[in-house]
Amino acid sequence: MKNKIKIFIELLVAITICAFSFNLFLLPTKVVSGFSGISIIINSITDIKPSIIIMVLYAIILVISYILMGFEQTKNSIIGSILYPIFVELTSYITPYINIGETEPIVMAICGSAICGFGYGIIYKLGYNTGGSDVLTHILSKYLKKPIGTCMVIVNTIIIAATLFVFDLQTAIYSIIAILIMSYVIDKVMIGISKSKSFYIITENETDVKKFLISKLSHGVTVIQARGGYTGNIVKLIMCIVSTKEYYKVKEEILNIDKNALILVSDTYEVLGNKWGD
């Protein structure tokens, strides 16, 4: 129970960070990102509050997610989809009292995207998301087997294209810079700063997992004989080192091969020998 409360508090803090950064940095500079960016575009045309636009869009995407992904894949989006627009509304009453002077738009875009990226990274790491484009991002991440930050770039590229019909080219360029920074920070918060990951895998489909790692990814593997601490049974432990950018692809494919596989992943900061990285 205490752990659930701790996770919920961390979620609230992360959502507050994202909402606060949106109102303080991104909304004034018209920097678009995700469905929040769509709310900025619509707000500039209709003067409808961004929080209301976000809530309506999130409700629509939740229904679509339920139809396409099912309840289990959608349930962790419900809390964020409700809380984020509420916190966008609440923080909108605070940010006007913060004087940021005549800060350059590019500086605001960089600060806002970095702070948002940090907040989103925490949310994703907790196993939640804020709904909207996050749902689309997770769908792409699952089926394309790409990091969430990379998939966010794909989704936001489409949204940025729409800004060219409303805002000027400079705003679109600022948005591109902001999204790249945001995706980078998200990936670093979620999967660490190391360039490589060590996978330790125990699976009943040893042959298929090795074939995937060796044939499809061209990575070497080491098979270690291990013994269960409780049962005393002998098991095969597959060790493989992959680049951080391949993390999601490797994890998802192993689980596709054996959904009951035991996977341990650790950061690897240096690999020497065997022509690694050549």
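Heads up: the structure comes first, above all this text.
Residues numbered from 1 in each chain as written. Predicted model: local features only at pLDDT ≥ 70, side-chain atom pairs only at ≥ 80, totals over all residues. Heavy atoms only, no water.

**Considering the packing of helix α3 (residues 50-69) against helix α4 (residues 71-91)**
Filter applied, for reference: A fitted line through C-alpha atoms serves as each axis, taken over the contacting stretch for helices, and the angle formed by two N-to-C directions is quoted from 0 to 180°. Strands here mean DSSP runs of E at least two residues long; helices mean DSSP runs of H or I at least four residues long; both are numbered from the N terminus. Our angle categories are set so that under 35 degrees counts as roughly parallel, over 145 as roughly antiparallel, 65 to 115 as roughly perpendicular, and the remainder as oblique. In this description, contact between two residues means that some pair of their heavy atoms is separated by no more than 4.5 Å. Ten residue types, Ala, Val, Leu, Ile, Met, Phe, Trp, Tyr, Cys and Pro, are classed as nonpolar, four, Asp, Glu, Lys and Arg, as charged, and the remainder, Gly among them, as polar.
The N-to-C vectors of α3 and α4 enclose an angle of 180 degrees; their axes lie 9 Å apart at closest approach. The orientation of α3 with respect to α4, classified from their angle, is roughly antiparallel. Side by side, α3 and α4 meet where Ser51, Ile54, Met55, Tyr58, Leu62, Ser65, Tyr66 and Met69 of the first sit next to Phe71, Gln73, Thr74, Ser77, Ile78, Ser81, Ile82, Tyr84, Pro85, Ile86, Val88 and Glu89 of the second. A class-by-class count of the residues in the contact of α3 with α4 yields 13 nonpolar, six polar and one charged.

**Details of the packing of aromatic side chains**
Put simply, the rule is: Classification of ring pairs rests on two measures: the distance between centres of Phe, Tyr or Trp rings, Trp counted by its six-membered ring, which must be within 6.5 Å, and the angle between planes, read as stacked under 30 degrees, edge-to-face over 60 and tilted in between. We call a residue buried when its accessible area falls under 20% of the maximum for its residue type, exposed when it is over 50%, and partly exposed in between, using a 1.4 Å probe and counting protein chains only.
Scanning all chains against the criterion turns up four aromatic pairs. Ring centres of Phe35 and Tyr58 lie 6.3 Å apart, and the angle between their planes is 45 degrees; on these two criteria the pair is classed as tilted. Taken together, the positions of Phe35 in helix α2 (residues 34-46) and Tyr58 in helix α3 put the pair 23 residues apart, joining distant regions of the chain. Summarising the burial analysis for this pair, Phe35 and Tyr58 share the class buried. Judged by centre distance (6.2 Å) and plane angle (25 degrees), the ring pair of Tyr58 and Tyr84 falls under stacked. On the criterion of sequence distance, the pair formed by Tyr58 in helix α3 and Tyr84 in helix α4 is long-range, its members being 26 residues apart. Connected via pairs of aromatic rings, a cluster forms that spans Phe35, Tyr58 and Tyr84.

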